[in-house]
Structure formats: structure tokens, C-alpha cells
Amino acid sequence: MSSVSEKVQAVFQEPGCAKNRAKSEKERKKGCTKQLQPGAAAGGCAFDGAKIALQPITDVVHLVHGPIACEGNSWDNRGSKSSDSHLYRMGFTTDIREMDVVYGGEKRLFRAIKEAIDRYDPPAIFVYQTCVPALIGDDIEAVCQAAKKQFGRPVVPVQSPGFAGSKNLGNKLAGEALLDHVIGTEEPSYTTPYDVNIIGEYNLAGELWQVQPLFDQLGIRILACISGNAKYREIASCHRAKATILVCSKAMINIARKMEERYGIPFFEGSFYGISDMSDALRNLAGLLVRQGAPGELLSKTELLIRREEQKAWEKLKVYQKRLAGKRVLLITGGVKSWSVVSALQEVGMEIVGTSVKKSTEEDKERIKKVMGEEAHMIEEMTPREMYRMLKEARADIMLSGGRSQFVALKAKMPWLDINQERHHAYAGYEGMVALVAEIDRALYNPVWQEVRLPAPWTEG
Amino acid sequence: METNGETKSQNAEHVLDHFHLFRQPQYLEMFERKKREFEDPACADEVEQIREWTKTKEYRDKNFAREAITINPAKACQPLGAIFAAVGFEGTLPFVHGSQGCVAYFRSHFSRHFKEPSGCVSSSMTEDAAVFGGLNNMIDGLANSYALYKPKMIAVSTTCMAEVIGDDLNSFIKNARDKGSVPQDFDVPFAHTPSFVGSHITGYDNMMKGILEYFWDGKAKTIAPLERKPNERINLIVGFDGNVVGNMRELRRILELMGGDYLIVSDNSDVWDTPADGTFRMYDGGTKLAEISEALHSKATISMQSFCTPKTLPYIQGKGQETVGLHYPIGVAATDQFLQEVSRLSGRPIPEALEKERGRLVDAIADSSAHIHGKRFAVYADPDVALGIAGFLLELGAEPAHILATNGDAAWEQKVRELLDHSPFGAGCQVYPGKDLWHMRSLLFTEPVDFLIGNTYAKYLERDTGTPLIRFGFPIFDRHHHHRFPVWGYQGGLNVLVRILDKIFDEMDRNTNVPAKSDYSFDIIR
């Protein structure tokens with residue numbers, strides 16, 4: 001248990017996080033996330049956060065040590081895609097029972113690890129700690145250690161009992177597990193001056209594949225993507241990369257910063273969402289690589305690619321200008337997405353009536369002000385009731401948000417488009433932004449919205 | 001069954017069924033030899049070439065230039081519709097004057113669709129009857145069926161054979177009555193239903209009008225015509241409907257919620273859905289005979305399918321009733337219209353319960369809108385059903401591309417076009433009255449769609465063109481029990497929505513289910 005609380009404290013102290021730095025010592029100790037309010041609706045737990053952060057690693061067994069609740073409700077629940085192994089989509093759990101709670105679940109866990117190796121021969125096993133075994137004192141670190149020794153295979157403990165805190169914290173704990181047990185344990189078969197890591201990209205709906213061709217064209221090799229479409233070996237040997245791009249979230253900033261600290265790999269934060277943001281990301285990555293010793297021609301090659309791709313994308317977006325101009329959008333999402341899609345939407349003439357900043361940093365907020373003006377309506381915290389009222393008052397024509405807010409939007413008679421993790425369309429890169437606008441267009445012009453907004457004809461007048 | 005049809009061969013100890021038998025090596029070899037030695041076949045390349053050619057625009061033009069031959073029609077004949085209307089009345093035996101073969105078809109048609117026995121008799125005309133007229137067959141036929149099956153009413157329609165030789169039902173039935181085949185006051189309404197005119201929906205119309213005329217206008221001059229004394233009741237005529245079992249019960253539920261006095265004229269939902277409780281019911285449920293007479297006094301009549309009642313409705317109107325013609329209401333707007341008409345005629349408000357159902361359907365459509373939006377559909381069905389489906393598709397943001405009805409006419413085409421013109425989603429849609437399924441085949445090849453909506457016969461189109469089929473309409477032979485689910489009303493709309501969505505998701509899964517090839521998109525959450 002002490003190791004969990006130590007880890008949590010370490011994560012809270014994360015110096016790479018601007019939010020953390022702005023806090024007093026005392027505040028930092030309390031943690032980054034708001035204390036949960038008992039009785040109020042809440043999101044996922046630390047286990048959930050750790051699991052979704054690592055689950056996209058495709059070729060390992062993700063073994064959840066706990067009663068059936070944790071894995072039973074969550075296996076294969078995320079649309080992160082794999083081009084190869086599908087092992088990550090199978091649900092593995094120790095499914096502990098009453099007797100295990102009484103006598104301890106360590107032996108069962110050990111046997112489960114053995115059976116998983118016997119049957120599936122994975123390059124590694126990730127073992128997730130959950131509330132119940134953590135409470136009864138199962139020492140998964142020790143079990144993993146023993147299993148690793150016995151079976152000669154990496155067995156990675158992920159200390160993520162749900163009670164440790166929020167989902168966001170869980171993301172970070174997952175990062176710690178990678179840092180402690182995976183990264184740097186193997187060597188790549190060869191390296192190039194163009195090797196990069198992507199951190200915080202989960203290949204949801206195959207978004208990595210929208211970006212990867214751009215990298216390929218520039219000759220940039222993705223040594224590891226943490227964790228979308230990743231293989232264990234890639235992550236184990238990713239400490240030989242020349243640069244890291246941290247996308248889309250502060251959640252894994254601990255990995256990026258500590259890799260800089262340990263292996264001298266510089267990182268920057270970028271986004272694949274939005275046209276100019278995609279270009280910035282490519283530009284910064286190329287710059288960073290050149291600074292790290294890659295040939296200077298990479299810069300001009302990158303500019304050329306950017307110019308061509310941007311032109312193509314704007315061309316495609318033009319079609320939508322007429323149909324979307326003047327439509328008002330409410331963005332309920334988190335982090336960089338709160339500003340990164342804004343410019344593309346503005347380009348087709350849409351008006352952003354508000355954007356949520358609950359999960360955004362001060363930096364994100366600055367960006368929002370830059371793209372949306374000082375008047376930008378930033379929504380700090382929005383209860384479903386408030387969201388409903390805002391939508392109901394028809395201050396927006398469409399809401400872009402995660403699946404959880406979907407039904408609020410629908411009940412408020414509001415077209416809605418999923419831009420979070422359960423979505424089915426990929427919106428990254430240049431193509432992705434065109435796809436997003438196309439989807440907005442479809443959502444806005446679906447005839448059901450007219451139906452939804454009109455009362456039953458007999459109630460009129 | 002442990003048989004592995006692929007490897008074991010046929011012998012007395014081990015008899016293979018048709019799924020496996022002809023896949024055995026000795027049969028494959030035999031077919032090959034037969035083809036080679038006796039069939040003088042065209043070379044495989046040429047066969048393939050012709051097959052490909054049938055998919056081209058050039059072939060389509062030739063196909064649409066067809067004048068004489070109909071290939072794979074999507075319609076049936078008049079007596080089928082006449083029987084459909086007739087069995088909706090209490091204790092009524094449909095009696096088709098003509099050859100018995102036709103009637104065997106009608107019975108099997110209904111039985112295969114509804115999975116119920118379908119009682120219906122013919123006068124079994126033979127060559128003699130064709131030469132000398134079918135009067136004796138009518139006399140004997142009515143006597144036998146009255147004695148054997150003890151109906152409360154016999155509704156007589158005709159096959160082509162009787163029509164060609166010009167048998168006069170009115171006088172024949174009168175003759176039979178005089179000869180004592182049936183009691184003098186036994187009800188024998190009738191309708192001429194030649195198959196070479198119109199289709200089953202025409203037969204429905206003729207039989208329905210025939211029965212009403214018989215009861216209202218003096219039972220073929222045996223009594224005085226009825227005098228109309230208007231009351232507040234509202235009649236509903238449902239038309240020829242493959243989903244009748246589910247739809248009738250839903251309709252009754254809706255009307256009960258509305259409150260007021262209603263009469264469904266011809267309700268065959270019970271006779272085609274009898275319980276397995278040890279009792280054989282040759283007749284079950286249906287509109288009471290006394291109610292047929294009473295129906296004259298009703299305030300108004302709503303036809304749920306106008307193209308099934310082009311003669312019946314004006315006839316009723318001529319009696320002084322207000323009439324309303326609908327087109328198989330599927331979905332929100334169509335159900336709205338139906339309820340508003342009922343509300344207007346009955347003077348009763350639409351209850352909150354129905355308004356809630358409406359909201360739920362709208363909610364369900366909204367939940368799933370992204371998946372249906374912009375999908376292209378081809379539809380063929382009976383005229384009213386096609387209109388109902390097309391209207392619902394437009395509501396969902398789907399794009400109908402081809403709407404075809406073999407038994408649709410110019411008036412139907414006009415109606416469909418009006419409907420399409422009301423929605424941007426109807427912009428690219430073509431309407432094909434009088435065309436058949438071979439025309440549809442060309443359409444699906446030259447202007448492909450995402451999904452096809454049609455009856456069982458569309459499975460050949462699905463196979464040939466690879467267009468996924470959503471089964472809807474009549475007949476559905478190869479899937480069971482669809483007819484038990486309503487498609488009318490808001491609840492019915494939900495059923496149709498789910499049927500469409502299931503196919504969309506099935507296709508999505510089918511396109512992503514190859515292990516290690518396409519299953520990166522084989523998701524549990526859609």
C-alpha cells in the first residue's frame with residue numbers, strides 16, 4: 001500500500017505539469033484532482049484510467065486482479081485499433097471470490113499469470129491492482145516479481161486500485177508502471193536519426209493511421225506510440241528515440257518528462273487535431289529532430305508537405321462553408337481539444353459559443369483566448385442540468401462532446417457529435433479534420449432534428 | 001447429426017441431405033462429365049463475360065426496353081387479395097369460383113407467410129365447366145362447402161378461368177340458392193376478381209366493395225337496401241398487409257388509448273394467428289357480420305392503404321360518409337397524420353400516452369441517426385407500403401434511390417414524387433411504376449445502393465448484386481414471424497427502425513470480421 005501512496009504523491013509532485021507548478025506545497029499534496037463529492041455523479045476510477053491508458057498495447061495479456069466487477073464491465077470497451085495482435089481485446093481477470101478475500105488472492109494471481117503465459121505466450125503480462133486485493137493486502141509487486149523470475153517473462157504490476165483517485169490519476173499511474181518496469185528494458189534492433197515517440201495517442205478509431213502516413217512521407221519513424229497500436233517490445237525499447245511528441249493530454253506528461261530526465265529525449269506538446277495544429281506538430285517535431293542531429297533538409301521537406309496537405313484540406317472544407325456558416329457550436333470536451341478543433345470550425349464559418357475547460361490547463365485557456373478572443377465563453381464545470389439548460393435555450397446548433405453527454409444533448413433536442421473516446425470516426429490529421437466537418441454537416445442536417453424540435457403537430461397553437 | 005457432408009458419401013447406412021449430397025466428389029465429378037459430354041456448354045469465359053455484361057448500363061437499357069415479358073414480378077393476382085379481405089370477417093369461408101390450382105397457390109402463399117392454415121375452397125372447375133359454364137360447379141361447390149365447413153358466410157371471388165368464359169356470379173349464386181345449396185338467407189357476397197386485371201390489391205378492393213355492397217344494398221336484391229342513420233363510429237379498412245397480425249393489435253391498442261367508437265372492417269389478425277392450445281380454429285375472430293351492416297351508419301371511414309381501396313372508398317363516400325385515405329403509416333409524420341385524422345373525426349384529443357410514445361420514437365431515431373444518415377436504399381413493395389417505407393426513410397435521413405412497385409400506376413408514381421419532393425433526401429430518387437425485379441436487378445448493378453428493402457423474393461437480388469436485404473412486406477417466406485410485429489404507429493416505427501439498424505450493424509460486422517485481416521474494426525460497441 002505504501003508504494004501506491006508514494007506513487008500517487010510522486011505523480012502529484014510532477015514538475016512537468018504547469019498546473020502542479022502553480023500550486024502551493026500544501027495544495028500539491030492534496031492532489032491534482034478535485035476530491036470526489038459523495039453522492040454526486042462521478043467519472044471513472046484510477047483503475048479505469050490505468051487500464052484504458054495501457055489497454056491499447058496490443059500484444060500483451062492485460063490481467064485484472066480483482067473481483068469480476070472491474071474487468072467484467074470493462075473489457076474490450078475502447079475503440080483503440082490494432083493492426084496486428086488482438087490479444088488486448090480479450091478480457092483476463094482473476095475473478096476473485098469470497099474465499100480469496102478471506103485467504104488472500106496472491107496464489108490465485110500467480111496461477112492466473114502462469115495460465116495466461118501457457119495459453120497465450122504473450123511477450124509480457126500487465127497485472128492491474130484493484131480495490132479489493134489492495135484492501136486485503138495482496139502484494140502484486142511481489143507476485144509479479146516472483147512470476148517474472150519463475151517464467152522468465154516480464155510481468156508488469158500496475159498499481160491502480162480504484163480508491164487511489166480519479167481516472168486521470170490512473171493514467172499517470174499507468175505511466176509510472178511503464179517507466180518503472182518496461183521502458184528501457186530492451187534495445188531496438190537499429191536506430192535512425194528520425195526515431196520519435198508519440199505519447200498520449202491511443203489510436204482511437206484508427207487515428208494514428210491518419211497521421212502515420214505523414215510521418216512516413218517525411219521519413220520519420222515512430223519508435224513507439226504510447227500506447228495506441230503499440231507492441232510491448234516497441235515500448236520497452238523506446239528510450240532510444242531522438243524526440244517525443246506529447247499529444248492531446250497532460251495525462252502522460254510524467255512519461256515524457258521522466259524520459260527527458262533519464263534518457264535526454266526532448267519533448268514538446270502538440271496536437272493532431274485541427275489543421276494548423278497538425279502542421280505545428282509536424283513543424284516542431286522536425287525542428288526538434290534537426291536539433292537532435294537529423295539532417296537539416298527535413299525542415300524544408302516538412303514545410304513542403306504542410307503546404308500541400310493544408311491546401312488539400314482547406315479545398316475540401318470549402319464545400320461545407322455554405323452549409324455550416326453561422327452555425328453555433330458548443331464544445332464539451334477536455335484538454336487540447338477544447339481549442340485545437342476551434343480554428344477548423346471557424347474556418348468553415350462556424351461560431352463557437354462555448355468550450356469546456358474542466359480538463360484544460362492555464363496554457364490551454366490561453367490558447368482558447370487566442371483563437372476565440374477574450375470574450376470566449378469558457379465553461380469550468382458543467383452539470384448535466386446546466387448543460388441541458390444551455391442547450392435547451394438554443395444557444396447552440398450542435399454540441400460536440402463525449403458519449404456521456406450525448407443523451408443530455410438529445411433530450412435537449414440538440415444535434416450531437418461524439419468527439420471522445422467511444423467515437424467511430426477518426427478525426428486526426430488533415431483528413432480527420434475534413435472528416436469531422438463532414439460529420440458535423442451530417443449531424444446538423446439530419447432530418448430528425450427538425451422532428452425533435454417541433455412539438456407533436458397536435459400540440460401546436 | 002454428426003455428418004460431415006463434405007467428406008462422407010451417400011450410402012444406405014448414411015444418407016445425406018440436400019445441403020451436402022451434391023457436394024460429394026462423385027457428384028461433382030459426374031456433373032462435370034455430364035456438362036462436358038452432353039451439354040455442349042459455352043466456355044466458362046463466355047458465361048462469365050455475359051454475366052458481367054448483364055451488370056452494364058447497356059444491358060440495363062435493353063432490359064428497360066422490354067415490352068412484353070415480365071421477369072420476376074413483385075405482385076400477385078386479384079383472388080389472393082379477395083381472400084385476404086374475406087377471411088377478415090367472422091366465420092367466413094373464401095370461395096373462389098374457378099380452377100382449384102389457383103386456390104392451392106393462395107392457400108400455400110398465406111400459410112408460408114403467416115405459418116397458419118389458410119382455409120379457402122374453389123369450385124374446382126374442369127374442362128367440362130370451361131365449355132358448358134361453371135354453374136353446376138357453383139351449385140355443388142356452395143352446397144359442399146356449406147355442409148363441410150359450416151361457415152357463417154361464404155365470400156365468392158373468381159379466377160381468370162371463370163372470368164374468361166363470362167360466368168355471372170350474381171345469377172349463379174341466386175341459382176344455387178334456389179337449388180338449395182345454401183339457405184335462402186345465408187350470406188354469399190361476391191366480387192369478380194379476374195387476375196388479368198390489376199393485382200392482389202385490386203382484388204382486395206373488389207372483395208371489400210363486394211361485401212359492403214352486398215350488405216348495404218339489399219343482399220343481392222333479396223332484401224331492401226339499408227338506410228343510413230349516421231352515428232359517431234369510425235370505420236377503418238386496413239388493406240392488404242403482410243404485417244396485419246401485429247398491425248391490427250397495435251391499431252386496436254392505439255384506438256383504445258384514443259377512446260371512442262371504432263370498427264375495423266375485415267380483421268384477419270386472429271385467423272392468421274391462432275394459439276396452439278389443442279383447438280383447431282378454421283375461423284377465428286374477424287368483423288361480426290352484423291357489424292358489416294352497421295358500418296354503413298358510421299360517421300367516417302379511414303383507409304389505411306388508399307391504393308388498396310380505390311373503388312371501396314368512393315363507394316363509401318357515396319353513401320354519405322366522410323372518407324380519409326392514408327398510405328401505410330410508418331414513422332413519426334405518417335403516424336402523426338393518422339392520429340390527427342382520428343382525433344379530428346372522433347373529436348377526442350390525442351392522449352399523453354401516445355405523445356410519449358412519439359417522443360420515444362423520435363429519441364430512438366436521434367440516438368441512431370448517424371448510422372442511417374445518407375445511406376442509400378432501394379425499395380420495392382406494394383404501392384402503399386412503398387410509400388410508407390419511403391416516407392420513413394426520408395425521416396431517418398436515408399436516401400431512397402430506387403422505389404419500385406410492379407403494381408404501382410401513374411397515380412402512385414405521382415404520389416411518391418410528391419413525397420420525395422418534400423425532402424432534400426429524396427432529391428436523387430427515381431420512381432418505377434410497373435417495373436419488375438429484373439429491372440430492379442439492373443438498377444442495383446448500374447446505380448448501386450447500400451441496402452435493399454423488399455420481400456423474400458429479393459433474396460435473389462441480394463445474392464446476385466451483393467446488396468444487403470432488409471426483408472419487409474409480403475410475402476416473407478424465408479424468415480419467420482415478422483408478421484407478428486407491428487410496423488404502424490410509433491411502436492411499429494421502432495420495429496422498422498431496429499430492423500434497418502440491425503442490418504446496418506450486421507453489415508458493419510460482416511465487413512470487419514475476418515480474423516487478422518479486417519477485425520481491427522470488429523467492435524462490441526457500435
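Remember, predicted model here, so these are calculated numbers, not experimental data.

Caption draft 1: Focus on the overall build of chain A. Of the regular secondary structure elements, chain A holds 22 helices and 13 strands. Once local pairs closer than 6 in sequence are excluded, the contacts in chain A between residues at least 24 apart make up 71%.

Caption draft 2: Examining helix 13 (residues 253-263) of chain A more closely. Of all the residues in helix 13 of chain A, the buried ones are A:Ile253, A:Asn254, A:Ile255, A:Ala256, A:Lys258 and A:Met259. In the stretch just after helix 13 of chain A, A:Gly264 is the one whose phi turns positive, near 70 degrees.

Caption draft 3: Structural context of the packing of helix 14 (residues 332-346) of chain B against helix 16 (residues 383-396) of chain B. All names here are of chain B. For the pair helix 14 and helix 16, interaxial distance at closest approach is 8 Å and the crossing angle is 120 degrees. Classed by the angle they form, the pair helix 14 and helix 16 counts as oblique. The residues of helix 16 that touch helix 14, namely those facing Val332, Ala333 and Ala334, are Gly388, Gly391 and Glu395. Its residues placed into classes, the contact of helix 14 with helix 16 shows three nonpolar, two polar and one charged.

Caption draft 4: Representation of the sheet that holds strand 5 (residues 262-265) of chain B. Residue and element names in this part refer to chain B. If you trace the four strands from one edge of the open sheet to the other, you get 5-4-6-7, paired in parallel fashion. Either end of the sheet is taken by a strand with one partner, and the two such strands are strand 5 and strand 7 (322-325). The sheet shows a mean angle of 20 degrees between the axes of neighbouring strands, direction not considered. The pairing of strand 6 (residues 300-303) with strand 7 spans four bridges and is classified as parallel. Note on strand 7: the bridge partner recorded for Ile302 is Val324.

Caption draft 5: Spotlight on the sheet that holds strand 9 (residues 399-405) of chain B. Residue and element names in this part refer to chain B. Here five strands make up an open sheet; going across it, the order is 10-9-8-11-12 and the pairing parallel. The open sheet is flanked by strand 10 (430-433) and strand 12 (469-471), the only strands paired with a single partner. Strand-to-strand twist in this sheet, taken as the mean axis angle between neighbours without regard to direction, amounts to 15 degrees. Note: strand 8 (residues 376-380) against strand 9, five bridges, orientation parallel. If you follow Tyr380 over to strand 9, its bridge partner there is Leu404.

Caption draft 6: Representation of the confidence of the model for chain B. Residue and element names in this part refer to chain B. On average, chain B scores 94 in pLDDT, and the residues at 70 or more come to 98%. Every residue in residues 1-6 is under pLDDT 50, and counting partners more than four places away or in other chains gives eight contacts. The ipTM for the predicted assembly is 0.77, set against a pTM of 0.87.

Caption draft 7: Main features of the pairing of strand 6 of chain B. Residue and element names in this part refer to chain B. Neither face of strand 6 is exposed, since Ala300 and Ile302 on one face and Thr301 and Ser303 on the opposite face are all buried. One ladder, built from four bridges, connects strand 4 (residues 234-237) with strand 6; its direction is parallel. Following the sheet pairing, Asn235 is matched in strand 6 by Thr301.

Caption draft 8: Representation of the domain arrangement of chain B within the structure. Residue and element names in this part refer to chain B. One can read the domain layout of chain B as domain 1 (78-216), domain 2 (234-352) and domain 3 (357-510). Placing a centre on the C-alpha atoms of domain 1 and another on those of domain 2 gives a separation of 24 Å. Across the boundary between the two partners, domain 1 contributes 28 residues, which contact 29 residues of domain 2. Taken together, the elements giving at least two residues each to the side of domain 1 that touches domain 2 come down to helix 4 (78-86), helix 5 (100-114) and helix 10 (200-216).

Caption draft 9: Spotlight on the interface of chain B and chain A. With 27 residues of chain B at the interface, the matching set in chain A holds 19 residues. The element best represented in the side of chain B that touches chain A is helix 15 (residues 352-372) of chain B, accounting for nine residues. Considering only residue class, the side of chain B that touches chain A consists of 11 nonpolar, eight polar and eight charged.

Caption draft 10: Spotlight on the pairing of strand 5 (residues 195-201) of chain A. Residue and element names in this part refer to chain A. Counting buried positions along strand 5 yields seven of seven residues, so the element is predominantly enclosed. Pairing analysis gives six bridges linking strand 5 to strand 6 (residues 221-227), with the strands arranged parallel. Counted as the bridge partner of Ile199 is Ile226 from strand 6. Between the parallel elements strand 5 and strand 6, the chain passes through helix 11 (residues 208-218) in a crossover that is right-handed.

Caption draft 11: A look at the environment of A:Met399. All names here are of chain A. Tracing the chain through its elements places Met399 in strand 12 (residues 398-401). On the neighbour-count criterion, Met399 (28 C-beta atoms within 10 Å) is buried. Through-space distance from the C-alpha of Met399 to that of Glu115 is 47 Å; in sequence the pair is 284 residues apart. Sequence-distant contacts of Met399, defined by excluding residues within four places in its chain, comprise Leu330, Ile332, Leu391, Ser405, Ala409, Met414 and Trp416.

Caption draft 12: Seen up close, helix 17 (residues 410-421) of chain B. Residues and elements named next belong to chain B. The first and last C-alpha atoms of helix 17 sit 16 Å apart over 12 residues, in line with the 16 Å expected at 1.5 Å per residue. Looking at helix 17, one finds that the buried residues are Trp412, Lys415, Val416, Leu419 and Leu420. An end-on view of helix 17 places all buried positions within 135 degrees of arc, on one side of the element. When the buried face of helix 17 is taken as reference, the exposed residues oriented beyond 90 degrees from it are Ala410, Gln414, Glu418 and Asp421.

Reading the values: rules and limits
Positions within a chain are numbered from 1, following the residues in the order the chain's sequence is written. Key to labels: chains lettered from A, ligands numbered from 1, both in the order written. Local features in this predicted model are restricted to residues of pLDDT 70 or higher, and side-chain atom pairs are both shown and tallied only at a pLDDT of 80 or more, whereas totals for entire chains, interfaces and linings draw on every residue. Secondary structure elements are defined from DSSP: runs of H or I of at least 4 residues count as helices, runs of E of at least 2 residues count as strands, and each element is numbered from the N terminus. The contact criterion used here is simple: two residues whose C-beta atoms, placed from the backbone, lie within 7 Å are in contact. Partly exposed residues are those whose C-beta has more than 12 but fewer than 20 other C-beta atoms within 10 Å; 20 or more makes a residue buried and 12 or fewer makes it exposed, with C-beta atoms placed from the backbone. Axes, fitted as lines to C-alpha atoms, cover a helix only where it is in contact. Angles between the N-to-C directions of the axes lie from 0 to 180 degrees. These descriptions rest on fixed angle ranges, namely under 35 degrees for roughly parallel, over 145 for roughly antiparallel, 65 to 115 for roughly perpendicular, and the rest for oblique. Classes in brief: Ala, Val, Leu, Ile, Met, Phe, Trp, Tyr, Cys and Pro nonpolar; Asp, Glu, Lys and Arg charged; the others, Gly included, polar. What makes two strands pair is DSSP finding at least two bridges between them. For every residue, the predictor reports its confidence as pLDDT, a number between 0 and 100. For the domain bounds, the source is a domain assignment made automatically or taken from a database. A right-handed crossover is one whose linking path, passing over the helix from the first strand to the second, runs clockwise when the strands point away from the viewer. What a helix is expected to span follows from its residue count: subtract one and scale by 1.5 Å. Regarding the arc, it is the one traced by the directions from the helix axis to the C-beta atoms.

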